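# Observations on chain architecture
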Amino acid sequence: MSTGVPAGYDPYAFEPFAVTVDLAVFTVRHSRLHVLLVERGEDPYKGHWALPGGFVLPRESAEDAARRELAEETGLAEDTVLALHLEQLRTYSDPDRDPRMRVVSVAFAALVPDLPEPHGGGDAASARWWDAGARGPLAFDHDRILADAHDRIGAKLEYSCLATAFCPPEFTLGELQQVYETVWGVELDRPNFRRKVLATPGFVQAVEGSPRRTGGRGKPAALYRAGAATALHPPLLRPEGRTT
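What this report covers is the structure whose coordinates are included nearby. (Residues numbered from 1 in each chain as written. Predicted model: local features only at pLDDT ≥ 70, side-chain atom pairs only at ≥ 80, totals over all residues. Heavy atoms only, no water.)

Counted by the stated rule, this structure contains 17 salt bridges. The shortest N-O distance in the salt bridge between Arg67 and Glu63 comes to 2.9 Å. Of this pair, Arg67 and Glu63 both sit in helix 1 (residues 62-74), 4 residues apart, which is roughly one turn of that helix. What makes Arg67 buried here is its relative accessible area of 13%. (Salt bridge = Lys/Arg side-chain N within 4 Å of Asp/Glu carboxyl O. Helix = DSSP H or I, 4+ residues; strand = E, 2+ residues; numbered from the N terminus. Buried < 20%, exposed > 50% of the residue type's maximum accessible area, 1.4 Å probe, protein only.)

Here we come to the packing of aromatic side chains. Counted according to the given criterion, the structure contains 4 aromatic pairs. Between the aromatic rings of Trp49 and Trp130, the centroid separation amounts to 5.3 Å while the plane-to-plane angle is 70 degrees, which identifies the pairing as edge-to-face. One end of the pair, Trp49, is in strand 3 (residues 49-50); the other, Trp130, is in strand 7 (residues 124-131), with 81 residues separating them in the sequence. Each member of the pair Trp49 and Trp130 is classed as buried. Residues Tyr180 and Trp184 carry aromatic rings whose centres are separated by 4.9 Å and whose planes lie at 70 degrees to one another, so their mutual orientation is edge-to-face. Taken together, the residues Tyr180 and Trp184, both in helix 4 (residues 173-184) and 4 residues apart, mark about one turn of the helix. By relative accessible area, which is 0% here, Tyr180 ends up buried. Residue classification places Trp184 among the buried positions, given a relative accessible area of 10%. Over the aromatic face of Tyr92 sits the side chain of Arg90, whose NZ or CZ is 4.7 Å from the ring centroid. Above the face of the Trp130 ring, Arg128 is positioned so that its terminal group lies 3.8 Å from the ring centre. (Phe/Tyr/Trp six-rings, centres within 6.5 Å; stacked < 30°, edge-to-face > 60°. Lys NZ or Arg CZ within 6 Å of the ring centre and 35° of its normal.)

Printed below as a string of structure tokens:
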């Protein structure tokens with residue numbers, strides 16, 4: 001079977017366009033959801049804040065480009081970037097999303113603990129963690145991408161045990177609940193949350209014989225550690241219609 005270019009095929013029959021990558025990287029800091037943003041050092045949108053990202057090189061996959069751009073624009077160490085689990089979010093292809101030319105972007109999302117402070121590099125003047133609820137408008141269509149990514153990571157907490165990665169090695173159910181409330185932006189019913197967590201096999205494991213932590217009023221709180229499960233069965237679904 002021939003794999004060559006068909007006879008008569010004209011590669012210039014279609015208008016060329018560029019492919020870029022954008023990354024929405026979240027973490028929980030000081031009990032608030034934060035997102036990694038860069039200040040653009042070049043036009044268009046010079047001086048505006050945006051998601052890290054850039055153009056895919058001709059011999060590069062979208063995921064390789066995402067990791068390269070993240071390292072270049074934020075100054076994060078290469079081993080840190082390579083260790084990140086990036087989840088492909090979706091493709092954004094509106095014809096006028098970039099004023100320079102037709103640009104199609106492949107977006108990635110990640111929710112990760114313990115990332116260091118970034119600094120600008122490449123064509124980014126600076127980089128920093130922003131409180132996700134206290135930022136201004138972003139360049140291009142990055143507000144839309146960020147909203148979609150926020151929804152995706154919220155869904156990831158429903159079906160995975162990722163939330164335990166943002167707790168101390170030994171934690172109370174109140175601390176675990178705070179992670180969910182921070183990412184989801186909702187206030188959860190404490191008894192109902194506790195019941196669902198303890199009813200999910202392998203989600204958490206009680207710390208036997210450990211000192212019990214007292215926080216504020218009431219009885220001392222039992223300590224737990226992350227269980228062996230990686231997925232939640234049944235899922236821990238977000239409540240409808242409740243916000244903090």
